[in-house]
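# Chain and residue survey
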Amino acid sequence: TSNTEPKNLYLHGLQREQFLPAIDLIENDYSLLDTLKKNTAYFRKKIESIGFTIKSGDHPIVPIMLGDAKLSQQLSQQMLEMGIYVIGFSFPVVPKNQARIRVQISASMTKNNLNYTIEKFEKIEERFWNNFKARAEKGKMKIGLAHSMLMAGVYKESSDDPSPKDELDSHK
C-alpha cells in the first residue's frame, strides 16, 4: 500500500466460528425471548396500574405518554437522578402534543429491577399528584388542567409554591 491510502478504512467481518454460537443460541434457546416477553407484559401492566398512559402493544420499548415536551424532559431528568435512565421525546421526533418517555425493557432485568423502576415512577407521580390535587380541591383549578400544568411546571400558585422539580427535590 502507498502512504496516501487510509489505513483500516474497512473493518473486517467476523469469522464464522465467532458468530455461529450466537446464531445457535437464537435458533435453539427461547429463554431470553420468553423472559423479555414476561418482563414487558409485567412492566406494561404495572405502569398502567399506577396511572400512566402507554401506547398499546407488546413491544419492549414502552412509550409512556405525557403529551407535554417540557414534562417529558423534566421527568426523564428526575428519573435519571433516581438512577433510572429513560429518554424523553417530543416534537419534532414525535408528533406535537404526543411527548413521551421511552422505557426500554430487557431480558436481563430482574423483577427487582422492574419493581424498582415502577416504584420510582410511582414516587414521581404521587408527588405531582398530591401537589396538584390539593390545589384542585381548594377550587383553584380543575384537576385535569392542574395535572397538565403542574406536571409541565407551568403553574405556580404563589412564589412560595414549589415547582415540580422543587417538590421532587424536597423528597429525595
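Everything here concerns the structure above.
Summarised in this report is the structure supplied together with it.

To continue, consider the pairing of strand S4 (residues 99–104). Relative to S4, strand S2 (residues 61–67) runs antiparallel, the two sharing six bridges. Note on S4: the bridge partner recorded for Ile-61 is Gln-104. Here strand S3 (residues 87–89) runs beside S4; their pairing, made up of three bridges, is antiparallel. Paired with Gly-88 across the bridge in S4 is Ile-101.

Moving on, we get to the packing of aromatic side chains. Any pair of aromatic rings gets described here by the distance separating the centres and the angle formed by the planes. A complete count under the given rule lists one aromatic pair for this structure. Judged by centre distance (5.5 Å) and plane angle (75°), the rings of Phe-52 and Phe-121 are edge-to-face. With a gap of 69 residues between them, Phe-52 in the loop between helix H2 (31–49) and strand S1 (53–54) and Phe-121 in helix H4 (residues 111–137) connect regions that are remote in the sequence. With relative accessibility at 3%, the residue Phe-121 sits in the buried group. Stacked on the ring of Phe-91, the Lys or Arg Lys-96 has its end atom at 5.0 Å from the ring centre.

Secondary-structure assignment places Thr-117 in helix H4. Assessed through its relative accessible area of 12%, Thr-117 is described here as buried. Non-local contacts of Thr-117, meaning those with residues more than four positions away in its chain, are made with Phe-43, Met-79 and Ile-84.

Here the bond from Phe-91 into Pro-92 is cis, since omega is 15°, no more than 30 degrees from zero. With respect to the secondary-structure elements, Pro-92 resides in the loop between S3 and S4. For Asn-97, which is not glycine, the phi torsion reads 65° and is therefore positive. Tracing the sequence through the fold places Asn-97 in the loop between S3 and S4. Relative accessible area serves as the criterion here: at 69%, Asn-97 is assigned to the exposed category.

Residues Phe-43, Ile-47, Ile-64, Val-103 and Phe-121 are the most contacted members of the largest nonpolar core, which totals 21 residues. Elements supplying a minimum of two residues to this core: H2, S2, helix H3 (69–81), S4 and H4. Take this core: its biggest share by element is four residues, from H4.

Conventions used here
Residues numbered from 1 in each chain as written. Predicted model: local features only at pLDDT ≥ 70, side-chain atom pairs only at ≥ 80, totals over all residues. Heavy atoms only, no water. Pairing = 2+ DSSP bridges. Helix = DSSP H or I, 4+ residues; strand = E, 2+ residues; numbered from the N terminus. Phe/Tyr/Trp six-rings, centres within 6.5 Å; stacked < 30°, edge-to-face > 60°. Buried < 20%, exposed > 50% of the residue type's maximum accessible area, 1.4 Å probe, protein only. Lys NZ or Arg CZ within 6 Å of the ring centre and 35° of its normal. Contact = heavy atoms within 4.5 Å. Core = buried A, V, L, I, M, F, W, Y, C linked by side-chain atoms within 4.5 Å.

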